[in-house]
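# Structural description and commentary
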Amino acid sequence: MRVHGDSPLAAGTAHAYGSVQMFQEGAMRGILRLFGALVAAASLGMAAGGASAAPISVSVTSKNFITGPGYGAGGSELPALADLLNVSFAANGATHSAMLDINDVLLFEFGTVTMNEQLISAGETDNLGVAAVFSFIDPFAGLRLVTATGTATAGLVSDLDVDLTIDWNPVLVSFGSRGLLQINMNTLNFRQPDQALTQFASVTLLAVPEPASVALVGLALAGLAATRRRRAQSSVCR
Ligand SMILES: [Ca+2]
Ligand SMILES: [Ca+2]
């Protein structure tokens, strides 16, 4: 697996972890979890049999965020009235491109998310879904969404606890017989007032699933048939 992109982990080597230390604790944990998920996804891809093919050109832009109606600035901050969670989402709009072999990862900064609340009221904890819009140029042209649930906990933000979690759901995107892309993003955990976290995104080229699955089933059936033959032969010998 190779990692392409503009994040500290893009080098894909052990020493890349050292440069991650400059990141905020929350972002680092998120990135490491994301990286773990990437390794797991890559292992899965390899286990599935990874058909070898020419590298595929992947080019994608971090277009924008679409936020649920629970987010917003303004309105009342009186605990009894407050109903908008002040979080700003900014996609950086940059385009990222790489030639990916199967299991390779294009890892890049999608944007920045900042929470500007001192106190979260009960009324500010609902309707906090988010979608991130990816605009692809290669290997297909079009938009793809990754969605997240947002979970806020009412109370003072300045304590040590996590106040808002934005947890993304990985998306698989098929592009015909050439294979599958998986889009994923690191979980964001906000713990402090006025905290800004970097939102990373990864695009992984996974193995072509169908032929590999068929091959695995074929192997299993062949194994079963061989076992039956051996049993039949040994019972004849007796
Ligand atoms: Ca508010
Ligand atoms: Ca806190």
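Residues numbered from 1 in each chain as written. Chains lettered and ligands numbered in written order. Predicted model: local features only at pLDDT ≥ 70, side-chain atom pairs only at ≥ 80, totals over all residues.

### So, the nonpolar core
One broad trend across soluble globular proteins is that nonpolar side chains are buried collectively. Of all hydrophobic cores here, the largest spans 42 residues; its most connected members are Val58, Leu106, Phe110, Ala201 and Val203. No other element matches strand E5 (residues 105–115), which puts seven residues into this core. With residues near it in sequence (within four places) discarded, valine 58 still touches Ser97, Ala98, Leu100, Leu106, Asp138, Pro139, Val203 and Leu205. (Core = buried A, V, L, I, M, F, W, Y, C linked by C-beta atoms within 7 Å. Buried ≥ 20, exposed ≤ 12 C-beta atoms within 10 Å, placed from the backbone. Helix = DSSP H or I, 4+ residues; strand = E, 2+ residues; numbered from the N terminus. Contact = placed C-beta atoms within 7 Å.)

### Quick notes on the environment of glycine 93
With respect to the element layout, glycine 93 can be found in the loop between strand E3 (87–91) and strand E4 (95–100). The exposure class assigned to glycine 93 is exposed, which follows from the 12 C-beta atoms found within 10 Å. In the structure, glycine 93 is positioned 30 residues away from lysine 63 in sequence and 5.1 Å away in space, judged by C-alpha atoms. Aside from chain neighbours lying at most four places away, what touches glycine 93 is Thr61, Ser62 and Lys63.

### Concerning unusual backbone geometry
Across the junction of aspartate 138 and proline 139, the peptide omega takes the value -5°, indicating a cis bond. With respect to the element layout, proline 139 can be found in the loop between strand E7 (130–138) and strand E8 (142–152). With phi around 60°, asparagine 127 is a residue other than glycine that occupies positive phi space. Locating asparagine 127 in the fold gives a position in the loop between strand E6 (119–120) and E7. Within the chain, aspartate 194 stands out as a residue other than glycine whose phi angle is a positive 55°. Mapped onto the elements of the fold, aspartate 194 is located in the loop between strand E13 (188–190) and strand E14 (195–206). Residue classification places aspartate 194 among the exposed positions, given that 12 C-beta atoms sit within 10 Å.

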